[in-house]
Structure formats: C-alpha cells, structure tokens
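# Reading the structure
One letter stands for each residue in the lines below.
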Amino acid sequence: MPVVNLDAIQNVIADDLGTNALHAARSVSGGGSEKWLAGESRIAIMWADPAVIPDGHWVELELVITPNQRADLIIVTTDDAGKVRRYPAISEFKSIENRSDSYIDGLIAELKSQLEGHRQHHPGAQVFGVVFAVWQNETARRTTDRHAAIEAFDEFQLRLKDHIEAASLKIASGGFKTIFDKVNTGAAPRTPTNMLRSLAIVMVEL
C-alpha cells in the first residue's frame, strides 16, 4: 500500500513554488537547484493542510539510508516502540533544462539508477522520482512573441515525457503540472541578461 498519494504530493509542491513564482524562477537555474527544490518541497509536504503524509511520519533531506547510499527526500517514521527508524517512502529529485537529448537522457538514466538502488535496498518502500522541467530563454528582453514561448515550453514537456517513457519509467497519473510560465526574472544588478523561465513538475516511478 503506497504511503503517499503522488498526485497530492505533486500538487502541494506546485502550489508552494507557484506562490512566489518570481523567487522560484530566479532559483531554478545552474548548479544546486535540485537541493533548493528538495528543500522547498520538504516544507510544502511537512506543512500541507490537509496533510499529505500520515500521522507519525515526517520528511528529511539528504539522508543516508544505507552505508553507501543517500536519498534526496525521505519520509521517515519509527517502529511502535519509537526506537527503529523506518523509510516507507524514498524520493530522488532531478531538475532538467531544455537542452540536448543526450543531456536529458543522462539525467534520466541517473534517476532510474538511483531509484533502482533504493528499490533493491528497501524493497518495501514507495520509491519515486520528482522531475522538474525547467524551460528558459536567456534573450527574454528580445522576446516579443509570448505565445511562441508558451509553445516552446509545452513542446519541451512533451519531449521530456517521451524520454522518461523511453527509459521505462512510469509517469504518475496526474502527468505534468505547470507551476508557472513566462516569468521574466529581470536582470540582476551586474548581469545584463533577463531570463524568461517556466517550470513544471512530474512524478515518476519504476
């Protein structure tokens, strides 16, 4: 029996990130965005109202769950005596930009390998991936056709879906959920380029 409903988890994460879309848009580029996304997701899951995790469960980040294995986000509980920790749900995060097919395939293969490792060591756990589609256009100041930008983001989501399914990963029933699109981050004080960013989320399983 699954510990969490993946559609509910997806919705609370999307709602949390969408609440401050400009801040999220500025945060989801470059190295380290997966850690930031996992941290924000932990907050969304822990404080969701109504709750999306069972009583007596909580969420931890970057937890070592075997001597040589850690996971991005783990739902934790204990045995009835409160002494032995258990990991009923284990998740890995991937932030994938609108880049080449080989780049996408590499990240999806890494995600699949991580999920398979968790399944091997914790066969009773609910193992899933959280994939973020990050679309960006670094020439936002020169973008005049806003509809073209929307179409490009939709096309990227379809391309990413194809790559996920080609890797024999299953997309959860809700499919992709757009968190925001066409958010212009504005130029940082010492950087001349605006970024036009869009973000979507999808949950995947083995």
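Please refer to the structure placed before this passage.
These lines cover the structure that appears in this document, whether it is placed above or below. Just so it is clear, the structure is predicted and the values come from calculations on it, not from any experiment. (Residues numbered from 1 in each chain as written. Predicted model: local features only at pLDDT ≥ 70, side-chain atom pairs only at ≥ 80, totals over all residues. Heavy atoms only, no water.)

All right, on to the overall build of the chain then. Looking only at helices and strands, the chain features 5 helices and 7 strands. Mapped from its N terminus to its C terminus, the chain presents α and β elements in the order α-α-α-β-β-β-α-β-α-β-β-β. A compact globule built from 206 residues should have a C-alpha radius of gyration of about 17 Å, and the chain, at 18 Å, falls within 12% of that. Across its three principal axes, the chain shows a C-alpha extent of roughly 60 × 35 × 30 Å. For the chain, buried positions account for 47% of its 206 residues. Sequence separation of at least 24 residues holds for 61% of the intrachain contacts in the chain that already meet a minimum separation of 6. (Helix = DSSP H or I, 4+ residues; strand = E, 2+ residues; numbered from the N terminus. Rg over C-alpha atoms; globule rule 2.2 N^0.38 Å. Buried < 20%, exposed > 50% of the residue type's maximum accessible area, 1.4 Å probe, protein only. Contact = heavy atoms within 4.5 Å.)

Note the cis peptide between Asp49 and Pro50, where omega equals 10 degrees. The backbone phi angle of Ser168 is positive, close to 65 degrees, even though this residue is not glycine. Mapped onto the fold, Ser168 is located in the loop between α5 (146-166) and β5 (170-171). Using a relative accessible area of 52% as the deciding quantity, one classes Ser168 as exposed. The phi torsion at Lys182 lies on the positive side, around 60 degrees, for a residue other than glycine. Within the element layout of this structure, Lys182 appears in strand β6 (residues 177-184). According to the relative accessible area criterion, Lys182 is partly exposed, its value standing at 26%.

A word on the packing of aromatic side chains. Here the structure, examined in full by the defined rule, presents 1 aromatic pair. In this arrangement the basic side chain of Arg99 is found over the ring face of Tyr103, its NZ or CZ atom lying 4.0 Å from the centre. (Phe/Tyr/Trp six-rings, centres within 6.5 Å; stacked < 30°, edge-to-face > 60°. Lys NZ or Arg CZ within 6 Å of the ring centre and 35° of its normal.)

Over its 21 residues, helix α4 (residues 101-121) extends 30 Å from the first C-alpha to the last, a length consistent with the 30 Å expected when each residue adds 1.5 Å. Those residues of α4 that fall on the buried side of the exposure criterion are Tyr103, Ile104, Leu107, Ile108, Leu111, Leu115, Gly117 and His118. (Expected span 1.5 Å × (residues − 1).)

This paragraph deals with the nonpolar core. Ile45 and Phe132 are the most contacted members of the largest nonpolar core, which has 33 residues in total. If you list the elements that add at least two residues to this core, you get α1 (6-19), α2 (21-27), α3 (33-46), β2 (69-78), β3 (85-97), β4 (126-137), β6 and β7 (196-205). The dominant element in this core, judged by the number of residues it contributes, is α1, at 6 residues. Beyond its immediate sequence surroundings of up to four residues, Phe132 is in contact with Ile13, Leu17, Leu37, Ser41, Phe93, Lys94, Ser95, Ile96, Ile179, Leu199, Ala200 and Ile201. Listed in part, the 29 residues of the second largest apolar core include Ile65, Val131, Trp135 and Ala167. (Core = buried A, V, L, I, M, F, W, Y, C linked by side-chain atoms within 4.5 Å.)

In this section: the packing of α1 against α3. Between α1 and α3, the shortest axis-to-axis distance is 9 Å and the interhelical angle comes to 110 degrees. Viewed along their axes, α1 and α3 adopt a mutual orientation that is roughly perpendicular. Here Ile9, Val12, Ile13, Asp16 and Leu17 of α1 lie close against α3, whose contacting residues are Trp36, Leu37, Glu40, Ser41, Ala44 and Ile45. Taken together, the residues of the contact of α1 with α3 break down into 8 nonpolar, 1 polar and 2 charged. (Axes fitted to C-alpha atoms, helices over the stretch in contact; angles between N-to-C directions. Parallel < 35°, antiparallel > 145°, perpendicular 65-115°, else oblique. Nonpolar A, V, L, I, M, F, W, Y, C, P; charged D, E, K, R; others polar.)

Further remarks concern the side chain of Thr185. As for its placement among the helices and strands, Thr185 is situated in the loop between β6 and β7. Excluding anything up to four places from it in sequence, Thr185 contacts Leu22, Ala25, Arg26, Asn194, Met195 and Arg197.

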